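Below are the chains, spelled out letter by letter.
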Amino acid sequence: MNTDLKQFNYFSGLKNRTNLNTIDMIKNVLIFATTITIVACTQQVHDASQPIERPQDTHSYAIPTESKTQHLSLDLTADFTRQVLSGTAKYSLVNSPDAKQIVLDTRDLMIHSVTVDGADVGYTLGKSNTHLGQALTIPIKPESKAITINYETAPTAAALQWLNPQQTADKKHPFLFTQGQAILTRTWIPCQDSPGIRITYDAQITCPKDLLPVMSASNPTEKNATGTYTFEMKQPIPPYLLALAIGDLNYGDIGKQTGVYAEPSVLDKALFEFGDMQAMLEAAEGLYGPYLWERYDVIVLPPSFPFGGMENPRLTFATPTILAGDKSLTALIAHELAHSWSGNLVTNATWNDFWLNEGFTVYFERRIMETLYGEEYANMLAMLGFQDLQHEVHALGKSHKDTHLHLDLDGRDPDDGMTDIAYEKGAYFLTLLEEKVGREAFDKFLKDYFETHKFQTLTTDEFKVYLNQHLLDPYAIEVNIDEWIHGAGIPDNCPSITSDKFTKVDAIVSNVSKGDLPTQATTNDWTTHEWLHFIRALGDDVDSKALDALNGLYGFADSGNSEIAAAWFEKSIQLGHYDYFRPQLEAFLYTVGRRKFLTPLYSALKEAGDIKTAKAIYAKSKANYHSVSTQTLDALLGE
Ligand code: BES
Ligand code: ZN
């Protein structure tokens, strides 16, 4: 098996570094290291005779060049009364010949004890930083084999959301889920919380007997009598992909490798909605090579889940807001599935390289959707994506550094830089490359890229070297890759994707401000994406009468399709006409915790000069949101 241990950089200066308390110290470390090949059976990305320049991950205190965790055995008990996970994390280690310590990331953990190869040791917890937490430094010897940390989580642990029964679909049992990306795993497991470090893991989880735990690992499909379950993840993964959910869950099969976990009342709806999941997996394999994680399941979480989806390996975590009843929002499943290659197999080395995860995944997602549902479908997705990109560039400012693909997140919470830029500018960059060399050559390049770097991490610079060597040079293609990667805004040669269906919508939407509304006969066969395009394209001159009439005809404010409802709410707030659906808006914001919906809606209220309404709804709803969402909204609403 390949692991990223093949390149183990021993850094001679490390032994002089005793104070790890400030991130600035870490930043100052220049990693010019000699590459020592430990596992020689994998291909080299770099010429081994050249020094490797791997930027230090400034969002982790870990010093993997001194000692690296290799395998985690987790043993945790979930106490829903105290809202605490407690138990032990035991790691096997790979040490450099002069290792004196291993450094782990922790945040808000209560450490009870630490042992090295079974013997109690003194350890230090460094100064606390809001986002990074505290370095846990454990003294070891080069020959030390394993460390065990006995600890418990804080009820406020940022990765964890403990839900009471009222906050679930069936309202009978409590629920817990974790969200690790970007740097939250350290709030529930002490770990070397850098995407550039991979571990395998096994786990034993004990929970109340009426609940079922599932992880980003091999999973049980039904409850047992003991309340204790075991899990195994044999493929090495970065710590942000460690994940756990516990709830009253049922399981149902979709295909031979695919299935769904959901609360009992949600399962049938989810099984219908995700009915094409096995076909998606097979389409993905057809494009870019074998799926290397054995099973692919999805768990539908309660609506407070702060994301649309999270690509936890073997078990995507998903929001119930994609259960539209007509499979129209399942591009999100294709997206999370695509991460099984881009992100989970080939991982961004630091959060500055986030676009390597998300840009590739959006490109891949659209190729899966194209394979299953045709080019027109993929083009509509790409056009909506382009609108998101334009909107993001406008919101950030077109010369803002956060519009670069390669980010500079030093000293910031990585979450703050994770915008649509990585997703859409990244995907359009790959589309440009595809246009330059042709689809066949580009697909071969991507397939080889995944195969060559599987179970490894990559920096943007390493990707550039690979891109030049394996695509641009062989095909003698000149592309302004530095402008795309290190420049601001949308480059002039950004591909233009069009959709016939959207062109038809454009013709109709332009008449709305003249009072000419689309008839039901015209819109009869419109898909969700045409409706989204229509709502987004409504001009500033559309008055409240037209909005009322449109809502009367099409019932957007009461739509069971969350994307349509959210787009309608946002547009109407922007146009200053939303009093009439205030109850629906409040109900939506009260139940849904998905940040992608919350931020635009609260922002729109604020922009419309109605921060009072925004704050009033937020005050009522905040207890239902995950910390990921409240962190963004607190900043937005000045809480
Ligand atoms: N990995 C992301 C979610 C994420 C990003 C979590 C950054 C934490 C930090 C996931 O794959 C994702 O992109 N989800 C999107 C859906 C997708 C279809 C664009 C989402 O949640 O909306
Ligand atoms: Zn993603």
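Residues numbered from 1 in each chain as written. Chains lettered and ligands numbered in written order. Predicted model: local features only at pLDDT ≥ 70, side-chain atom pairs only at ≥ 80, totals over all residues. Heavy atoms only, no water.

Student: What should I look at first to understand the domain arrangement of the protein in this one?
Tutor: Put simply, an interface is often sized by how much accessible area is lost when its parts join up. Structurally, the protein comprises domain 1 (67–248), domain 2 (252–485) and domain 3 (500–637). Placing a centre on the C-alpha atoms of domain 1 and another on those of domain 2 gives a separation of 27 Å. Between domain 1 and domain 2, the residue contacts involve 39 residues of the former and 41 residues of the latter. For domain 1, the biggest contributors to the area lost against domain 2 are Gln-181, Arg-198 and Gln-235; these three give 18% of the whole. Applying the counting rule to domain 1 against domain 2 returns zero salt bridges. Inspection of the domain 1/domain 2 interface yields 15 residue pairs in polar contact (both at pLDDT 80 or more). Of all the elements in the fold, those that place two or more residues in the side of domain 1 that touches domain 2 are β12 (160–163), β13 (175–178), β15 (212–215), β16 (228–237) and β17 (244–247). Considering each element in turn, the side of domain 1 that touches domain 2 owes the most residues, four residues, to β16. Here the side of domain 1 that touches domain 2 is built from residues that sort into 21 nonpolar, 14 polar and four charged. (Domains from an automatic or database assignment. Contact = heavy atoms within 4.5 Å. Buried area = accessible area lost by both parts, 1.4 Å probe. Salt bridge = Lys/Arg side-chain N within 4 Å of Asp/Glu carboxyl O. Polar contact = N/O pair within 3.5 Å; in protein donor to acceptor, adjacent residues only side chain to side chain. Helix = DSSP H or I, 4+ residues; strand = E, 2+ residues; numbered from the N terminus. Nonpolar A, V, L, I, M, F, W, Y, C, P; charged D, E, K, R; others polar.)

Student: Teacher, can you tell me more about the sheet that holds β13 here?
Tutor: Hydrogen bonds between backbone atoms are what pair the strands of a sheet, whose relative direction is either parallel or antiparallel. Read across the open sheet, the four strands follow the order β12-β13-β17-β15; overall the sheet is antiparallel. Of all the strands in the sheet, just β12 and β15 have a single pairing partner and so form its edges. On average, each strand axis in the sheet is tilted by 10° relative to the strand beside it, whichever way the strands run. Here β15 pairs with β17 via four bridges, running antiparallel. Of the residues in β17, the one forming a bridge with Val-214 is Ala-245. (Pairing = 2+ DSSP bridges. Axes fitted to C-alpha atoms, helices over the stretch in contact; angles between N-to-C directions.)

Student: I'm lost on the nonpolar core in this one. Help?
Tutor: A general trend in soluble globular proteins is that nonpolar side chains are found buried together. Within the largest apolar cluster, 152 residues are counted, with the highest numbers of intra-cluster contacts made by Tyr-91, Trp-188 and Phe-429. Taken domain by domain, the makeup of this core includes at least three residues from each of domain 1 (67–248) and domain 2 (252–485). Setting aside residues up to four positions removed in sequence, Tyr-91 forms contacts with Thr-69, His-71, Leu-72, Leu-104, Lys-145, Ala-146, Ile-147, Ile-149, Ile-189, Pro-190, Cys-191 and Ile-199. In this structure, Met-383, Phe-502, Ala-614 and Ile-617 belong to the second largest nonpolar core, which totals 48 residues. (Core = buried A, V, L, I, M, F, W, Y, C linked by side-chain atoms within 4.5 Å. Buried < 20%, exposed > 50% of the residue type's maximum accessible area, 1.4 Å probe, protein only.)

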